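# Tertiary structure, described
The primary structure of each chain is shown beneath.
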Amino acid sequence: MALSRRGERQMNSAPNDMIAATLVALAVGLAFIAGCALYYGRRITLRRIPMQWGVDGQPAWFAPRLIGLWFSFGVTAALSAFLLALALHDPQKLTALIVATVSLIGTNMWVQVYHLKRVIRWQQETPAR
């Protein structure tokens, strides 16, 4: 009987281990995105930051500097919290939701770097405003 309880505990700890690993990935991802906002944000002097570019390579719309720098952080945190809440609510879909969460984190890390580097490049190429 002790073996079945022990085995049962080990099986029940697997989802908790997966969630813990996902939370670590989320913490690392959010730290990376925040670090990018701080590091690249020092090099961006614009009050309004381009958020999207048109097919002609020119900004399609702008956001205030604070939103432009931290938008990816907020989106990553909010969507990850939502996906993790779903994973806790419906354990049968745990693996799929964790894969989605980790994919979201990784994608937003890449988007943050790409976006801020592009803003800096555009700022350098654009005449003084």
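Described below are features of the structure shown in this document. (Residues numbered from 1 in each chain as written. Predicted model: local features only at pLDDT ≥ 70, side-chain atom pairs only at ≥ 80, totals over all residues. Heavy atoms only, no water.)

## Concerning the pairing of strand β1 (residues 48-53)
With five bridges joining them, β1 and strand β2 (residues 59-64) adopt antiparallel strand pairing. Of the residues in β2, the one forming a bridge with Pro50 is Phe62. As consecutive antiparallel partners, β1 and β2 are separated by five residues, and within that stretch Gly57 has a phi angle of approximately 85 degrees, a positive value. (Pairing = 2+ DSSP bridges. Helix = DSSP H or I, 4+ residues; strand = E, 2+ residues; numbered from the N terminus.)

## Structural notes on helix α2 (residues 65-89)
The periodicity of an α-helix, 3.6 residues per turn, causes residues three or four positions apart to be oriented the same way. For α2, with 25 residues, the first-to-last C-alpha span of 37 Å sits near the 36 Å given by 1.5 Å per residue. The axis of α2 is deflected most strongly, by about 45 degrees, at Phe71. The set of residues buried in α2 consists of Gly68, Leu69, Ser72, Thr76, Ser80, Leu83, Leu84 and Ala87. (Expected span 1.5 Å × (residues − 1). Bend = angle between axes of the 7 residues up to and from the residue. Buried < 20%, exposed > 50% of the residue type's maximum accessible area, 1.4 Å probe, protein only.)

## Quick word on the nonpolar core
By size, the foremost hydrophobic cluster in this structure holds 13 residues, and its most contacted members are Tyr40, Ile44, Leu69, Leu116 and Val119. Listing elements by their share of this core, those giving two or more residues are α1 (2-41), β1 and α3 (94-125). No other element matches the five residues that α3 contributes to this core. Beyond its immediate stretch of four places on either side in the chain, Val119 contacts Ile44, Leu46, Ile49, Pro50 and Trp53. In terms of nonpolar packing, the next biggest core, distinct from the first, is built from seven residues, Leu83, Leu94, Ile98 and Leu104 among them. (Core = buried A, V, L, I, M, F, W, Y, C linked by side-chain atoms within 4.5 Å. Contact = heavy atoms within 4.5 Å.)

## A few points about the packing of α2 against α3
The contact between α2 and α3 brings their axes to 9 Å, and the two run at 180 degrees. Judged on the interaxial angle alone, α3 and α2 are roughly antiparallel. Along the contact surface, α2 presents Gly68, Leu69, Ser72, Val75, Thr76, Leu79, Ser80, Leu83, Leu84, Leu86 and Ala87, while α3 presents Leu94, Leu97, Ala100, Thr101, Leu104, Ile105, Asn108, Gln112, His115 and Leu116. Grouping the amino acids of the contact of α2 with α3 by side-chain chemistry returns 13 nonpolar, eight polar and no charged. (Axes fitted to C-alpha atoms, helices over the stretch in contact; angles between N-to-C directions. Parallel < 35°, antiparallel > 145°, perpendicular 65-115°, else oblique. Nonpolar A, V, L, I, M, F, W, Y, C, P; charged D, E, K, R; others polar.)

## Re the side chain of Thr76
Note on placement: Thr76 falls in helix α2. At a separation of 2.7 Å, a polar atom in the side chain of Thr76 contacts the main-chain carbonyl oxygen of Ser72. Leaving out residues up to four positions away in the same chain, Thr76 has contacts with Leu26, Leu30, Ile33, Leu104, Ile105 and Asn108. (Polar contact = N/O pair within 3.5 Å; in protein donor to acceptor, adjacent residues only side chain to side chain.)

Just geometry here; none of it tells us what the structure is for.
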